[in-house]
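Observations on the model geometry
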Amino acid sequence: MQNEKTTEEVALGIRRRVFEHTMRNNGGYLSQACSAAEQLAFLYNEALNLGQPVLPMIPEPFKGVPSAGNADYVTGAGYNGPFEPHYDRLFIAPAHYALVAYATLIETGRMAPEGLEMFNKDGSSVEMIGAEHSPGMEVHNGTLGIGLSTGAGLAWGRKRRGESGEVCVFMSDGEVQEGQTWEAVQAAAFHGIDNLWAIMDVNAQQCDGAMDSVMEVGDIATKLRNFGAVVCEIDGHDLNAMRQAKAEPHEGRPLIILANTSPTQGMSFLRQRFPRLHYVRFKTEEERAAMNREISAELGIDPIAYSH
């Protein structure tokens with residue numbers, strides 16, 4: 001599925017759409033859109049071989065968990081296309097990036113804009129924290145650290161079956177505070193799972209503030225290499241660097257791209273909130289109005305009309 005927009009246009013559209021949603025709903029994951037817009041735009045718009053969506057453009061309500069009486073249960077991965085052997089598969093490990101992922105689906109023509117109006121509503125599948133039934137999600141990755149293991153397992157199975165499609169995992173740097181991430185890298189290297197690659201949003205932020213204030217993780221690249229991965233470190237807002245990193249040979253080993261990013265890229269007004277950037281909810285109406293005025297100008301759009 002080839003999108004008519006350039007990847008740069010998709011990235012800008014992601015930021016604009018997440019910002020508009022945040023202004024109208026008095027809260028949202030703005031810093032994740034700032035740091036990850038280029039990465040998700042790159043994945044959906046050019047890096048991954050994904051087929052046409054197989055689920056309705058306007059997401060259906062949540063129909064319950066899999067059970068004997070719910071045999072037609074499907075995951076949200078249908079928005080990434082069918083599970084055919086020659087298509088790639090994508091796991092979005094940090095489930096709190098869901099709002100940014102939904103915006104990406106809209107910008108790349110995989111979900112209707114109306115889908116975002118269902119965000120975090122009772123009975124909706126468009127969850128605030130992405131679950132396996134949410135658009136673009138294949139499994140529930142709300143517990144940071146399990147995404148790379150899941151992707152490695154699928155990639156190992158696909159390799160044994162001779163399937164040509166690759167497996168990609170979009171990650172966040174907070175996941176390197178979890179032991180399971182390192183086990184996954186080690187296992188993938190040991191078993192030669194080279195149809196697995198990941199891109200990690202290294203924005204140095206997490207729920208409780210700056211990562212170093214919660215748990216210092218040291219030199220991530222050196223650690224990953226020591227555990228057996230091929231590692232590329234890039235500017236996560238430089239799409240050409242991203243393209244070159246994806247082309248890095250990694251026969252017999254997984255590839256992990258460390259995308260160093262800014263959690264205020266494209267929305268510099270957010271620096272006033274540093275380091276508390278994980279979820280933006282406005283403290284006063286004056287702050288909301290100022291943010292609307294300043295960030296709209298930076299994004300090249302008119303201020304967002306919202307109800308007070």
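Preceding block: the structure.
Residues numbered from 1 in each chain as written. Predicted model: local features only at pLDDT ≥ 70, side-chain atom pairs only at ≥ 80, totals over all residues. Heavy atoms only, no water.

Opposite charge on two side chains allows them to pair when their charged atoms are near. Scanning all chains against the criterion turns up 15 salt bridges. Salt-bridge contacts for lysine 5 lead to glutamate 107; the nearest nitrogen and oxygen are separated by 2.7 Å. Residue lysine 5 is found in the segment before α1 (7–25), and its partner glutamate 107 is found in helix α3 (residues 98–107); the two are separated by 102 residues along the sequence. Owing to a relative accessible area of 6%, glutamate 107 belongs among the buried residues under this scheme. (Salt bridge = Lys/Arg side-chain N within 4 Å of Asp/Glu carboxyl O. Helix = DSSP H or I, 4+ residues; strand = E, 2+ residues; numbered from the N terminus. Buried < 20%, exposed > 50% of the residue type's maximum accessible area, 1.4 Å probe, protein only.)

All right, on to the packing of aromatic side chains then. Summed over all chains, the structure comprises four aromatic pairs. Note on tyrosine 97 and phenylalanine 170: the rings are 5.3 Å apart at their centroids and 75° apart in plane angle, and the pair reads as edge-to-face. One end of the pair, tyrosine 97, is in the loop between β1 (89–92) and α3; the other, phenylalanine 170, is in strand β2 (residues 167–172), and 73 residues separate them in sequence. We classify tyrosine 97 as buried; its relative accessible area is 2%. Looking at phenylalanine 170, the relative accessible area reads 0%, which means it is buried. Ring geometry for tryptophan 182 against phenylalanine 227: centres 5.1 Å apart, planes inclined by 45°, an arrangement best described as tilted. (Phe/Tyr/Trp six-rings, centres within 6.5 Å; stacked < 30°, edge-to-face > 60°.)

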